[in-house]
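Per-entry structural report
Take a look at the letters that make up each chain.
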Amino acid sequence: KAGVTQTPRYLIKTRGQQVTLSCSPISGHRSVSWYQQTPGQGLQFLFEYFSETQRNKGNFPGRFSGRQFSNSRSEMNVSTLELGDSALYLCASSLPEGYYGYTFGSGTRLTVV
Amino acid sequence: AQKVTQAQTEISVVEKEDVTLDCVYETRDTTYYLFWYKQPPSGELVFLIRRNSFDEQNEISGRYSWNFQKSTSSFNFTITASQVVDSAVYFCALSEAKGNDYKLSFGAGTTVTVRA
């Protein structure tokens with residue numbers, strides 16, 4: 001079966017712009033989580049969605065937001081981009097009880113210049 | 001507070017050597033889950049193994065094995081007879097089963113380089 005699909009793979013944006021990243025989960029997985037990976041902070045949890053509702057949120061500013069659609073696809077948005085937002089953004093899909101296992105996508109590498 | 005600690009930043013070995021990656025975790029929950037993920041240069045996190053807190057049985061899966069000890073809060077991972085393709089960053093992660101708080105807390109990762 002198809003894996004987790006993230007688009008785009010690479011993105012270059014200018015400070016102050018906004019960006020939207022997309023994630024299509026594995027068929028049958030209704031939970032989607034987002035993580036930010038940077039050399040300095042490592043892998044950090046952003047938020048998790050299940051059935052179009054945000055169930056859990058990490059410690060990130062309000063500029064980071066997300067949503068989930070009825071087909072379980074999810075988008076995350078970062079507004080007013082800062083240089084420090086440059087990172088690899090990873091999406092993971094899972095069954096509702098996430099601890100059964102998470103499948104990650106290849107990520108979107110965002111560079112803010 | 002750091003919930004998952006991977007003390008080894010980098011490990012370099014010659015092909016066919018065994019590699020053991022250390023992971024120490026911290027949680028107050030009695031029910032939790034531990035994972036190991038591999039991240040090759042392509043960036044995708046690849047699931048390797050999962051263990052729940054009630055099962056301390058250590059297992060071997062192919063060239064992978066793990067040693068889970070609740071008494072020392074450790075969840076170490078071993079690659080036997082390493083190969084060049086094993087070169088990657090390895091992450092240990094913890095998921096605590098608290099209500100709807102489904103998320104992974106990752107360690108800082110250990111970069112493994114296997115030289116031919």
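See above for the structure.
Quick look at the structure, then. Predicted model only: the values in this text are computed from it and were never measured.

Residues and elements named next belong to chain B. If you walk through the whole model with that rule in mind, you get one cavity of 30 Å³ or more. Empty space within the largest cavity amounts to approximately 40 Å³. Around the largest cavity sit Leu 94, Ser 95, Glu 96, Asp 101, Lys 103 and Ser 105, which together line it. If one sorts the elements of the lining of the largest cavity by residue count, strand β10 (residues 88–96) sits on top with three residues.

Ranked by size, the top nonpolar core spans 24 residues in total, and within it Val19(B), Leu21(B), Leu34(B), Trp36(B), Phe75(B), Phe77(B) and Tyr90(B) carry the most contacts. Listing elements by their share of this core, those giving two or more residues are β2 (10–14), β3 (19–21), β5 (32–39), β6 (46–52), β8 (64–69), β9 (74–79), β10 and β12 (110–115) of chain B. Examining the composition of this core, we find that four residues originate from one element, β10(B), more than from any other. With residues near it in sequence (within four places) discarded, Phe75(B) still touches Cys23(B), Leu34(B), Phe35(B), Trp36(B), Ile49(B), Arg51(B), Trp66(B), Asn67(B), Phe68(B) and Cys92(B). One finds Cys23(A), Ile26(A), Val78(A) and Leu81(A) within the second-largest nonpolar core, a separate group that totals 21 residues.

Of the voids in this model, the largest pocket is the one considered here, and its volume is about 640 Å³. Taken together, 30 residues make up the lining of the largest pocket; nearest its centre are Gln41(A), Gly42(A), Leu43(A), Gln44(A) and Phe106(B). For the lining of the largest pocket, the elements supplying multiple residues, two or more each, are β4 (31–38), β5 (42–50) and β9 (87–94) of chain A together with β10 and β11 (105–106) of chain B. Of the residues forming the lining of the largest pocket, the biggest block, four residues, is contributed by β5(A). Here the residues of the lining of the largest pocket are counted per class, giving twelve nonpolar, 15 polar and three charged.

We now examine the sheet that holds strand β8 (residues 74–78) of chain A. Residue and element names in this part refer to chain A. In space, the four strands of this open sheet follow the order β1-β3-β8-β7, with antiparallel pairing throughout. Among the strands making up the open sheet, the edge pair consists of β1 (5–7) and β7 (64–68). Strand-to-strand twist in this sheet, taken as the mean axis angle between neighbours without regard to direction, amounts to 15 degrees. In terms of strand pairing, β1 meets strand β3 (residues 19–24) through three bridges, oriented antiparallel. Each residue of the ladder has a partner; that of Gln 6, found in β3, is Cys 23.

Reading the values: the criteria
Residues numbered from 1 in each chain as written. Chains lettered and ligands numbered in written order. Predicted model: local features only at pLDDT ≥ 70, side-chain atom pairs only at ≥ 80, totals over all residues. Heavy atoms only, no water. 1 Å grid on protein atoms, 1.4 Å probe; cavity = no way out; pocket = protein on both sides within 12 Å on 5 of 7 lines; lining within 4 Å. Points joined across faces, edges and corners; volume = space filled by probe spheres on them. Helix = DSSP H or I, 4+ residues; strand = E, 2+ residues; numbered from the N terminus. Core = buried A, V, L, I, M, F, W, Y, C linked by side-chain atoms within 4.5 Å. Buried < 20%, exposed > 50% of the residue type's maximum accessible area, 1.4 Å probe, protein only. Contact = heavy atoms within 4.5 Å. Nonpolar A, V, L, I, M, F, W, Y, C, P; charged D, E, K, R; others polar. Pairing = 2+ DSSP bridges. Axes fitted to C-alpha atoms, helices over the stretch in contact; angles between N-to-C directions.

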